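Topology and contacts: notes
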Amino acid sequence: MSSESVILLETVNFAAEKHRNQRRKDAEQTPYINHPIGVARILSHEGGITDIEVLQAALLHDTVEDTDTSIGELQAIFGQTVARIVQEVTDNKALPKQERKRQQVAHAPHSSHQAKLVKLADKLYNLRDLNRCTPTGWSAERVQEYFVWSAQVVRGLRGTNPALERHLEELFKQRGVEL
Ligand SMILES: Nc1nc2c(ncn2[C@@H]2O[C@H](COP(=O)(O)OP(=O)(O)O)[C@@H](OP(=O)(O)OP(=O)(O)O)[C@H]2O)c(=O)[nH]1
Ligand SMILES: [Mn+2]
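The rules we used
Residues numbered from 1 in each chain as written. Chains lettered and ligands numbered in written order. Predicted model: local features only at pLDDT ≥ 70, side-chain atom pairs only at ≥ 80, totals over all residues. Heavy atoms only, no water. Donors = N, O, S within 2.8 Å, 3.2 Å for Na, K, Ca; no water. Helix = DSSP H or I, 4+ residues; strand = E, 2+ residues; numbered from the N terminus. Buried < 20%, exposed > 50% of the residue type's maximum accessible area, 1.4 Å probe, protein only. Phe/Tyr/Trp six-rings, centres within 6.5 Å; stacked < 30°, edge-to-face > 60°. Lys NZ or Arg CZ within 6 Å of the ring centre and 35° of its normal. Salt bridge = Lys/Arg side-chain N within 4 Å of Asp/Glu carboxyl O. UniProt positions renumbered as here; feature names shortened; annotations may be inferred. Core = buried A, V, L, I, M, F, W, Y, C linked by side-chain atoms within 4.5 Å. pLDDT = per-residue confidence, 0-100.

Let's shift gears to the coordination of the manganese ion (ligand 2). Coordination sphere of the manganese ion (ligand 2), protein contribution only: H35 (NE2), H61 (NE2), D62 (OD) and D122 (OD), at 2.2 to 2.4 Å. Spacing between the donor residues of the manganese ion (ligand 2) along the chain follows H-x25-H-D-x59-D. You can see D62 sitting in the loop between α3 (52-60) and α4 (63-66) and its partner D122 sitting in helix α8 (residues 113-132), a full 60 residues away along the chain. For the pair formed by D62 and D122, the shared burial category is buried.

Printed below as a string of structure tokens:
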């Protein structure tokens, strides 16, 4: 087996252990790990991305935000580049939600190419997931607001990956949201 396959298995196993007790917000309570795996898979399968550090960062992208994982832990195990990409896509949970959302829009254009790729795939996965089913307790208005806000973030990520941006543009168009 190639060394890159070994590295990816180590990474997905780490993410699975960290997200072990978490579920998505859908009625079926899908295991949370389906999301990071799906984000990495979008990058590889649809985005044509072969940069292993980007694929690792995709697998790990919600570990610091949503589990007890620290950036230092990621750096020690997976190296500086992977840790830096995850850091770039991690919201500051100490801030109120509205401010976090505002900062994602503001920071998107200034992030690295690698972080922009992960953010594009994260948004693409989540918007597809919203089309698949509505999270428990979400109104139609809240779903639409997520599309509108995501478009503001994606605007700052353009010029990064044509395939992913085409898919996102189509989803926004279906909702009548201007990109
Ligand atoms: N569409 C969808 N999203 C779900 C589901 N379960 C969990 N999520 C997560 O919820 C987040 C979006 O919900 P919000 O209410 O906007 O954010 P919050 O989790 O911070 O409260 C996303 O976090 P994120 O990946 O960190 O992205 P971001 O939106 O914070 O950038 C997404 O991954 C689900 O069943 N469907
Ligand atoms: Mn995510």
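Attention now moves to the packing of aromatic side chains. Summed over all chains, the structure comprises four aromatic pairs. Relative to F78, the ring of F14 has its centre 5.2 Å away and its plane inclined at 85 degrees; by these criteria the two rings are edge-to-face. Within this pair, whereas F14 is found in helix α1 (residues 3-18), its partner F78 is found in helix α5 (residues 71-78), the two being separated by 64 residues in sequence. Residue F14 shares its accessibility class with F78, and that shared class is buried. Ring pairs connect the aromatic residues W138, Y146 and W149, which therefore count as one cluster. Over the ring of W149 we find K101; its NZ or CZ atom is 3.7 Å from the centre of that ring.

Attention now moves to the pattern of salt bridges. Per the counting criterion, the structure on display carries 10 salt bridges. We note a salt bridge from R24 to D129, for which the minimum N-O separation is 3.0 Å. Of this pair, R24 sits in the loop between α1 and α2 (34-46) while D129 sits in helix α8, and the two are 105 residues apart along the sequence. Taking the relative accessible area as the measure of exposure, R24 reaches 15% and is therefore buried. Looking at D129, the relative accessible area reads 14%, which means it is buried. The partner of E99 in a salt bridge is R102, with the nearest N and O atoms 2.9 Å apart. One end of the pair is E99 and the other is R102, both in helix α7 (residues 97-107) and three residues apart, which spans about a single turn. Among the charged side chains, a network of salt bridges with common partners joins R24, D26, E28, D129 and R132.

The positions that UniProt labels "domain: HD" (unreviewed entry) are, in the present scheme, residues 32-127. With 72% helix and 0% strand, residues 32-127 has end C-alpha atoms that lie 16 Å from one another.

With that settled, consider the nonpolar core. Ranked by size, the top nonpolar core spans 47 residues in total, and within it L43, L60, L74, L127, F147 and F172 carry the most contacts. Looking at this core, the elements with two or more residues in it are α1, α2, α3, α5, α6 (80-88), α8, α9 (140-155) and α10 (162-174). Counting residues per element, this core draws most heavily on α8, at nine residues.

Further remarks concern the confidence of the model for the protein. Here the protein shows a mean pLDDT of 98. Residues at 70 or above account for 100%. Predicted complex, confidence summary: ipTM 0.98, pTM 0.98.

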